[in-house]
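What follows is the residue order along each chain.
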Amino acid sequence: MTPEWQSVSAETVARLQAIIRFDTTNPPGNELPLARYLETALHEEGIETTLLKPGENRAVLFGRIRGNGEKRPVILLAHMDVVGVERERWSVDPFAGEIRDGYLYGRGAIDDKGMLAANLMTMLLLKRTLSQADGTLARDVVFLATSDEEAGGEWGMGWLVKHHPELLDAEFALNEGGRTRIIDGGQKYLAVQSAEKVSHVVAVTAHGSAGHAAIPLPDNAIFRLSRALETLSRYAEPVMLTDITRKFFAQLAEVWPTDVEKRAMIDIVSADPKRAEAGAKALSLTPVFNAVLRNGISPTVVEGGKQFNVIPASAGAVLNVRTLPGHSIDKVVNRMRATVTEPGVTIEITHRGEEAPASDPSSEMFTAIAEAAHELDPTMAVVPYLSTGVTDSARLRRLGVKAYGVLPFPMLQSDEERMHGSDERVPLESLHFGTRLIYGAIERIAR
């Protein structure tokens, strides 16, 4: 039975507004009241729930629609916490869920409360249609709302993996992590996150003589650090295509509207080294493409000195280094050390990320996502995607769950860039598209 989408759209908007109005800024998170709201919504439809409390006012909520057990479960995952806001930079109250000019505004509207609302509606609709048709599913559908994703997940998915891994026994999972982008000419593509880069922390430290600032010193640690960072600013890791990025560019080229980039996408997957090199050079000019082509190095923190008239003995910078799957952070750091020849400078790894295997882009789950997308828009390209960001999917993949990430709401890049920024918003039309996409994918994979 097909849902009555017109009435569903109004309910989805109301649900998302209610979810946004819970201030779950992390820290401290305070996700428990929102989890209780979601628990009530599921209970009212007869869906069984389990509410866990990893810490004070933190929560993990499970909902489950049971299938007949012919196939292993599928998880619908979204996180309840959001990043902070600078209220003075918002034109609306970030926790009011205000609607203006066809957009729903609010912190988390696209990261990740929009998906949380779409996941909730998918569960409610599945339960309603099953009850009306007296039907059954071939596998359990598990709703999972977590805490603390924006701060690393130690009170959310990390806590679950450590304390209740049995609750994560599933074949597939659908999570955040991809994108549905509207490009020039109105063409859309859905990038389904099937793998992600690994995040590491690297410290660059410069040492020199300390002294009074009145006497300039040639080995000033701050100057040394500056020269080392300037050298790294001109260094780029080599281009390295993975199976995922090769398929991403090859398939995206079929719909890409800009001739120069379209040609570059075709060239980069060519067997001709010269064409591949030319394609990589052209695509590297676009930051989002450059980031999936190579290991990335981004300075994020600079430290040095405590007083205006004292030359410090050391100065440092923190780098976030993100490696492609299968690539060693040690080898990246060794190349950085060979590049930086400034004396008195050390480069050390201070935190190592943990790699996760890729999810197969030819699986039944990927196919279900693509079929659901094509039912809504037959012209939409659906491509596998290597995410540069880190999501809870990595922890699931390490448990053997084939996890896929989508941002199911079609958006222009300008709106997508509001994520973690001011006036975050989701187009109402896109919210409805995303809800139908998630429902369609889950209905296919579960039956």
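Everything below is about the structure printed above this text.
The model shown is predicted, which means the values in this text are computed figures rather than measured ones.

## So, the nonpolar core
Phase 1: Ranked by size, the top nonpolar core spans 67 residues in total, and within it Leu38 and Ile442 carry the most contacts.
Phase 2: Beyond its immediate stretch of four places on either side in the chain, Ile442 contacts Val74, Leu76, Thr122, Leu126, Val141, Leu174 and Met365.
Phase 3: Counting 25 residues, the second largest nonpolar core, distinct from the first, contains Phe249, Leu283, Leu324 and Ala381.

## Some remarks on the sheet that holds strand S10 (residues 198–207)
Within a sheet, adjacent strands bond to each other through the backbone by hydrogen bonds, running parallel or antiparallel.
Phase 1: The sheet built from four strands is open, its strands ordered S12-S14-S10-S15 with antiparallel pairing. In this open sheet, the two edge strands, each paired with only one partner strand, are strand S12 (296–304) and strand S15 (345–351). Along the sheet, successive strands turn relative to each other by an average axial angle of 25°, direction set aside.
Phase 2: In this structure, S12 lies alongside strand S14 (residues 314–323), joined through eight bridges in antiparallel fashion. Bridge pairing in S14 links Gly304 to Ala315.
Phase 3: The strands touched by helix H5 (residues 221–233) are S10, S12, S14 and S15; relative to S14, the strand with the most contacts, the crossing angle is about 20°.
Phase 4: In the packing of helix H10 (residues 329–339) onto the sheet, the strands contacted are S10, S12, S14 and S15, and the crossing angle to S15 comes to about 165°.

## Thoughts on helix H2 (residues 32–43)
Phase 1: Here H2 is 12 residues long and its end C-alpha atoms lie 16 Å apart, about the 16 Å a rise of 1.5 Å per residue gives.
Phase 2: By the burial criterion, the buried members of H2 are Leu32, Leu34, Ala35, Leu38, Glu39, Ala41 and Leu42.
Phase 3: Lining the buried residues of H2 we find helix H1 (5–20), strand S1 (48–52), strand S2 (60–65), helix H3 (113–133) and strand S6 (141–146).

About the criteria used
Residues numbered from 1 in each chain as written. Predicted model: local features only at pLDDT ≥ 70, side-chain atom pairs only at ≥ 80, totals over all residues. Heavy atoms only, no water. Core = buried A, V, L, I, M, F, W, Y, C linked by side-chain atoms within 4.5 Å. Buried < 20%, exposed > 50% of the residue type's maximum accessible area, 1.4 Å probe, protein only. Contact = heavy atoms within 4.5 Å. Pairing = 2+ DSSP bridges. Helix = DSSP H or I, 4+ residues; strand = E, 2+ residues; numbered from the N terminus. Axes fitted to C-alpha atoms, helices over the stretch in contact; angles between N-to-C directions. Expected span 1.5 Å × (residues − 1).

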